[in-house]
Amino acid sequence: MNRIRRLLVLVTLGLPAAAGSLAAQSGTLRGQVRDETDRPLAGAQVQVEGTRLGAVTSADGGYLIVRVPAGTRTMVASMVGHRPARASVEVTAGVQERDFVLAADPLGLDELVVSGSFNPATKLESSTAITTLTPKVIEDRMPRGTADLLRSVPGVQVINTYGEQGADVTVRGLPVTANSSFRYVGLQEDGLPVFEAQGLLFAFPDAMARLDATVERVEVVRGGSAAVFGSGTPGGIVNLISKTGGPTLGGTLASSAGSQGMARLDGDVGGPLGGAWRFNVGGYWRYDDGARPTGFPVNRGGQLRANVTRTTSWGHVRFFGKYLDERDVWYMGIPFQNYLRPEAIPGGPDLASGTTFSEQTLSLTVPDAFHPGSTVTRDLNGATTRYGALGVDVLRGLGAGWSLTLRAKALRVTNLTNIMVDVADPMPIGAFGPPSPKQVRYVGTGEVVDDPAQVSGLNGNGLMTVHGLAFIDQPVTNGIANVEIARTLASHSLTGGIYLSDYTTRLRLVQEGVFLDVRDHPQLIQVGIAGPGGAFAGLTPGDGFAAYNSGYWNLRNHTTVGAVYLGDTWQVSDRLNVDLGARVDQSWSVGRNERPVQPGSMADGVVVGQIVPAGYPSFVPTPEQSRAGLFGSGLYRTWDYRFGTWSASAGANYRLTDRLAVYGRASRGTRIPTSQQWTFQTSDGSQITGETNRGEVETTLQGELGLKASGERWSLLTTGFYGRSENLITTLHRGKADGSFVFLPISGDTRTVGVEAEAAVSPIRGLQLRAVGTLQDPRFTRFAYDFFVPGDGPLSGEQHRDYAGNYLNDVVRVLGDLTADYDWRAWSLNANVRYTGSRMANRPNTIEVPGYTELAGGIGRSFHRLRVEVRGLNLTNTRAIAQMASRTGEDVLRVNPDGTAESLVTTGAAAGTTTRSVYTTGLGILPRTVVASVRYSF
């Protein structure tokens, strides 16, 4: 006992001395991080090299690092969008002050990038074309959806007129197919795909990954090495990198309100969680009526993302999760006139703000194709996406230069999409049916317009059109895992990995057709003539439907993807590095699609128009079955396909000076067919009688040469590129000699030559100019097919089309983007001009869509921790067409100087002749939007 007492006395007496000794051996570092305009930088990283000590700056740019070992230490301050700054500090007992000023680096040449590279390197050292989009860029551009942000990246074309999701994205002139979404581009979150099948119709990656305050930055890789870092991503990778919380508590809260009734709340907070744990959590909630008001709320929902990280002496363990629940309108084509200079039809929808959504067609009751004899009510309210995911990220150092990385997640998504699609060009009501005066009855009100003069001038245009309705239910599940092992040697960094992904999709899709008048928010109509006694006699159905369940799909598909990849980054010398990578992919898909029944109808006691799959018993259709359209047979066509392919990439980067480098790269990438192809394509073009068309692997070969340079106040990245794509599958609805029609699967090849550039300059203090441009020449090298036109017209008979040498449809030849940012004291101004060049609307190259320019900009002011901003898109409310209907363009023979188009008639009594029309349909760019926001940082 006495011995214990003596020990306690010694320990107690020694504690102050020990504490004093420790204090003498360490100190505290504090200071501020500011930019060149003397504005504080919140969220900057300040690290003590050689230690794990560091801090993240608060809203006023301040930082505090305690218990720094005494002695001469090197501090590094860094932030995305700025050049890092270093300082040597003599740490002693007490507090040392050290402030930092970070120069702007808008192109991020000195930043480490992790996407598209086995060994993280600065952009100046990397042999890839990569763009980093910082939170400031995201805020300034106020993107309408995730894909819209990519318009600021050279070489990337985005068609985002559908709204906030479902955009078509292509890179460096790769082909655009209708609603192809991210067909050749992988959209990722923290290095893992948002969903494996990035080109799946009605399961859009940009609907599943939304931008909010939890995103630290976005890295965009074009071409090149992307093929090795993802399955089916030869065009590029877009990687949303999340915030993970720093050593001090901090975050933001923001409230926004804007035109079209928009209201939005954003929040993010991160920091220490105790011990070695850190956390970050945030998300958003919003509500608005949509960029093109429909008469009812269409956009509402939100997202919550969170992660917790434990850092250790050997690496880290991170758990993450996300839940998204969003409903968005998905705008489709509207009618307009003039093929040469597109403009709104008098009395029709406006090119920018017009829409075919209407309160009258919001809720519709139709026969239930999945339960024949029953009806079902569908809400035509856009697309609903519910996405839930949980995952883990582990980095472990194994010693002797070895490290192991594991990333894995499981996700489940609900996709419900109800849309109205343009399927026919407008036509005069008077030209419908027999040559007699027409009448119109409005289905919703029962009102009849029987005066022929009023009918011919209905809505100021006297036009009608047919639109299709599509009701889609497509849930998906996906498990993804990537295990990677790396070894760092004297001059080599070797990496090997195994990638596994397993996903299941189900699809229930039916299509309907409706007759509409031509105006904004159109109405269901019935066309008729004067019957006996002058009573209204309908020529079309009284409910306004042209057809019920004219399309029917019911499928299930299960796909397993496995890949093995290897890479080596070789530091040949201080100035030259070479990287090599290869990937082998195996894909196995098993699925089935139910064959529908075309019941036909009774005419004079005989069944006509009936088509049933082989093995289905003959039957006499009831009137209800005839009217209900297609329904399921219980018989299926199936697939059980295995694909094997490989991708490879080799690049080299040579630094001519410390601020000038050249690089080159060659690559081979592939895209394996997905269930989307097998859903809609069959051997004879018929869902009822055809067998599944397997298809071929698409191959993309690319080469690029680039230059990267920077000076004290400027930066430049420019790249010349060449790309060739083989085995692109396109489906066309064409006629046969026996009078039937088929969906022809046509394989084609393309090639593109071009140059892209990204430059930034700061001519005076506080002013930054950034320019992005793309020039390219995208053409078909192979695209030919035969079809038949019936009738006795001069153009009847066998037809042959060959588009080799033609420009690709919908792919632009010129893209430009110029941004100016000016910061003065607490004020900031931003202006942005975006130019989208002309492009061919159809493969025959007989229709050209004119180019257009959009203006965006904003102004903001900071009040210590508070910031107020007002920003706007398409400020001049430019009206332009982004995409014309390729459906009608295939048979347009020429466009005349008066804006009319001469087209080949392929069906009906006039088949084999030509017709002239000034009307068609297409997608207009989105109208002006203005948003005001208040953000508080802490």
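Residues numbered from 1 in each chain as written. Predicted model: local features only at pLDDT ≥ 70, side-chain atom pairs only at ≥ 80, totals over all residues. Heavy atoms only, no water.

Here the focus is unusual backbone geometry. Peptide bonds are, in most cases, trans, and in most cases residues other than glycine have a negative phi. For Asn-549, which is not glycine, the phi torsion reads 45 degrees and is therefore positive. Within the secondary structure, Asn-549 is located in strand β36 (residues 545-571). If you check the backbone angles, Asn-874 has positive phi at about 45 degrees while not being a glycine. Within the element layout of this structure, Asn-874 appears in the loop between β53 (866-873) and β54 (881-884). (Helix = DSSP H or I, 4+ residues; strand = E, 2+ residues; numbered from the N terminus.)

Now for the pattern of salt bridges. The tally for this structure, following the rule as stated, stands at 54 salt bridges. Residues Lys-136 and Asp-140 are paired through a salt bridge, measuring 2.8 Å at the closest nitrogen-oxygen approach. Note that Lys-136 and Asp-140 are positioned in helix α2 (residues 135-141) at a spacing of four residues, about one turn of the helix. Linked through salt bridges whose partners overlap, the residues forming this network are Lys-136, Glu-139, Asp-140, Asp-821, Arg-867, Glu-869, Arg-871 and Arg-935. (Salt bridge = Lys/Arg side-chain N within 4 Å of Asp/Glu carboxyl O.)

The next point concerns empty space enclosed by the protein. Applying the stated criterion to the full structure yields 11 cavities of 30 Å³ or more. Within this model, the largest cavity holds a volume of roughly 310 Å³. Arg-151, Val-158, Thr-836, Tyr-852 and Glu-854 are the residues nearest the centre of the largest cavity, which is lined by 28 residues in total. Broken down by secondary-structure element, the contributors of at least two residues to the lining of the largest cavity are β12 (156-159), β45 (767-782), β48 (814-824), β49 (827-836) and β52 (852-863). Considering only residue class, the lining of the largest cavity consists of 14 nonpolar, seven polar and seven charged. Considering only enclosed or pocket space, the second largest cavity measures out at about 220 Å³ in volume. If you go around the second largest cavity, you meet 18 residues; those closest to its centre are Glu-196, Ser-231, Gly-232, Ile-672 and Thr-674. Here the lining of the second largest cavity is composed, by residue class, of five nonpolar, 10 polar and three charged. (1 Å grid on protein atoms, 1.4 Å probe; cavity = no way out; pocket = protein on both sides within 12 Å on 5 of 7 lines; lining within 4 Å. Points joined across faces, edges and corners; volume = space filled by probe spheres on them. Nonpolar A, V, L, I, M, F, W, Y, C, P; charged D, E, K, R; others polar.)

Attention now moves to the sheet that holds strand β16 (residues 215-222). As a general point, the strands of a sheet are linked pairwise by backbone hydrogen bonds and lie either parallel or antiparallel. On the basis of which strands lie adjacent, the open sheet formed by five strands has the order β11-β16-β17-β14-β15 and mixed pairing. Each end of this open sheet is capped by a strand with a single partner; those strands are β11 (129-133) and β15 (192-193). As defined by bridge partners, strand β14 (residues 185-189) adjoins β15 across two bridges and the pair is classed as antiparallel. Within the sheet, the bridge partner assigned to Glu-189 lies in β15 and is Leu-192. (Pairing = 2+ DSSP bridges.)

With that settled, the discussion passes to the sheet that holds strand β6 (residues 85-91). The strand order across the open sheet formed by four strands is β3-β2-β5-β6, and the pairing between neighbours is antiparallel. Single-partner strands in this sheet number two, and they are β3 (54-56) and β6. Going across the sheet, the axis of each strand differs from the next one's by a mean of 20 degrees, ignoring polarity. By the bridge criterion, three bridges tie strand β2 (residues 45-48) to β3 in an arrangement that is antiparallel. The residue bridging Val-46 from the neighbouring strand is Ala-55, located in β3. (Axes fitted to C-alpha atoms, helices over the stretch in contact; angles between N-to-C directions.)

Moving on, we come to the packing of aromatic side chains. Taken as a whole and judged by the stated rule, the model has 22 aromatic pairs. Taking the centre distance of 5.6 Å and the plane angle of 70 degrees together, the rings of Phe-195 and Tyr-503 count as edge-to-face. Taken together, the residues Phe-195 in the loop between β15 and α3 (205-208) and Tyr-503 in strand β33 (residues 492-517) connect sequence positions 308 residues apart. For Phe-195, a relative accessible area of 2% translates into the label buried. Following the ring pairs from residue to residue traces out a cluster consisting of Phe-780, Phe-783, Tyr-785, Phe-787 and Tyr-803. (Phe/Tyr/Trp six-rings, centres within 6.5 Å; stacked < 30°, edge-to-face > 60°. Buried < 20%, exposed > 50% of the residue type's maximum accessible area, 1.4 Å probe, protein only.)

With that out of the way, let us pick up a nonpolar patch on the surface. A cluster of nonpolar side chains, contributed by Ile-764, Leu-818, Tyr-822, Trp-824, Trp-827, Leu-829, Val-833, Leu-855, Ile-859, Val-870, Leu-875 and Val-930, occupies part of the molecular surface with about 970 Å² of accessible area. Counting residues per element, the ones that place at least two in the nonpolar patch are β48, β49 and β52. Within the secondary structure layout, Trp-824 lies in strand β48. Residue Trp-824 is classed as partly exposed on the basis of its relative accessible area, which comes to 43%. (Patch = residues over 30% accessible without salt bridge, like charges linked within 9 Å, V, L, I, M, F, W, Y side chains within 5 Å. Areas by Shrake-Rupley, 256 points an atom, 1.4 Å probe, with all protein chains shown as cover.)

Let's shift gears to a positive patch on the surface. Taken together, Arg-412, Arg-506, Arg-556 and Arg-592 make up a surface patch of like positive charges. Topologically, Arg-412 is positioned in strand β27 (residues 402-422). (Lys, Arg positive; Asp, Glu negative; His and termini not counted. Charge placed at Lys NZ, Arg CZ, Asp CG, Glu CD.)

What follows covers the environment of Gln-598. Locating Gln-598 in the fold gives a position in the loop between β37 (576-597) and β38 (601-603). In this structure, the C-alpha to C-alpha distance between Gln-598 and Ile-688, residues 90 residues apart in sequence, is 8.1 Å. Gln-598 has contacts with Gly-609, Gln-610, Ile-611, Leu-630 and Ile-688, leaving out every residue within four places of it along the chain. (Contact = heavy atoms within 4.5 Å.)

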